[in-house]
Amino acid sequence: MSFKENQYEERRIELKQFCESKGKKFGKEIKRDSLIFDQKDEVAYCQIAKVASSTWCNHFIKLANISEREQYQWRDALQVLAPKLWRPPPDVITAWSNTTSIVIVRHPMSRLASVYYQKFVELSDNEGWARLIEYIIDTYRKDNETGPAKQPTPNEFIRFILADLHRGPDSVDQHWRPQHLSCPFCLLNFTVYSKMEELDQDSLFFFHKSNLTERVNYSKKMNSAHAVSSTEKKFWSLVDKEMIWMLEEPWAYGTDL
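Each value, and the rule that gives it
Residues numbered from 1 in each chain as written. Predicted model: local features only at pLDDT ≥ 70, side-chain atom pairs only at ≥ 80, totals over all residues. Heavy atoms only, no water. Phe/Tyr/Trp six-rings, centres within 6.5 Å; stacked < 30°, edge-to-face > 60°. Helix = DSSP H or I, 4+ residues; strand = E, 2+ residues; numbered from the N terminus. Buried < 20%, exposed > 50% of the residue type's maximum accessible area, 1.4 Å probe, protein only. Lys NZ or Arg CZ within 6 Å of the ring centre and 35° of its normal. Salt bridge = Lys/Arg side-chain N within 4 Å of Asp/Glu carboxyl O. Contact = heavy atoms within 4.5 Å.

**Student:** I tried to follow the packing of aromatic side chains on my own but got confused; where do I start?
**Tutor:** Two aromatic rings, taken as a pair, are described by how far apart their centres are and by the angle between their planes. Applying the stated criterion across every chain, the model contains 26 aromatic pairs. Their ring planes at 55° and their centres at 4.9 Å tell us that F120 and F157 sit as a pair that is tilted. You can see F120 sitting in helix α6 (residues 108-122) and its partner F157 sitting in helix α8 (residues 154-167), a full 37 residues away along the chain. Here F120 and F157 have matching classes, each one buried. Ring plane angle 50° and centroid distance 6.4 Å describe the contact between F185 and F190, whose orientation is recorded as tilted. Here F185 and F190 have matching classes, each one buried. Members of the aromatic cluster, each reached through a chain of ring pairs, are Y116, Y117, F120, W129, Y135, Y140, F157, F160, W176, F235 and W236. Positioned above the aromatic ring of F26, the side-chain terminus of K22 is 5.5 Å from the ring centre. Over the aromatic face of Y72 sits the side chain of R75, whose NZ or CZ is 3.9 Å from the ring centroid.

**Student:** Please clarify how the pattern of salt bridges should be interpreted in this entry.
**Tutor:** A side chain of one charge can pair with a side chain of the opposite charge if their charged atoms are brought near each other. Per the stated rule, a full pass over the model turns up 11 salt bridges. Across the pair E127 and R131 runs a salt bridge, and its minimum N-O distance is 3.4 Å. Of this pair, E127 and R131 are both found in helix α7 (residues 127-140), 4 residues apart, which corresponds to roughly one turn of the helix. Here E127 falls in the exposed class, since its relative accessible area comes to 61%. Judged by its relative accessible area of 53%, R131 is exposed. With a shortest N-O distance of 3.0 Å, K221 and D200 are connected by a salt bridge. In this pair, K221 sits in the loop between α9 (199-209) and α10 (229-237) while D200 sits in helix α9, placing the two residues 21 residues apart along the sequence. Judged by relative accessible area, which is 48%, K221 ranks as partly exposed.

**Student:** Explanation requested: the side chain of D202 in the structure shown.
**Tutor:** Relative to the assigned elements, D202 resides in helix α9. Overall, the relative accessible area of 0% leaves D202 in the buried class. The contacts of D202, once residues within four sequence positions are left out, are K4, Y8, V192, S194 and K195.

Here is the structure:
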């Protein structure tokens, strides 16, 4: 067994023990918009928004051999197209045993900073996000605070996230939905349990094991500029410490941590 296989097995065992401590129903929901299952090539991927999902959905779209025109039409909705192209079979558990699969996780704090800069700064003029931004500023900008007219500050963004999670993490937007609610971690055993900081190695392992290195450019990354660590440091330096502690509560990102 290779170093990476040992690493995945250790994570699999640790996750199994954690799942057993959480009860029979925890982590067993299969979300049809998250699980991507290519039965022809016997590979699968469970996507989690803001965790290299654009890159990996693009990999699976390439495996579908659709036209360049269709790829262009869906260029801004890769995470929607991939599950449509590769729907899981009715009996996922049976088919899973012959499948090479991967799930990728990311530190919740890094993920939130990435969401903020991409959706609430870079795309602040986008009609869909602009309405939410206006709501956040109106609701969470205090009378004695100042900030950009069309962008929430990091503090305002985290106030919104905490309030949204407190109402019920199951119903929040996928971009900040806790990661353990996106994939069936306690139902399916994945071949590769990857972390963002190790993804280059894990991508090579996955595509080599599945014999797909000739069909997918696994080194190609989408939206890679949003993961810069210095940007994360800047973001969290502008957030009140008491709110950072609140993000570690069980109803927020305590389970992910």
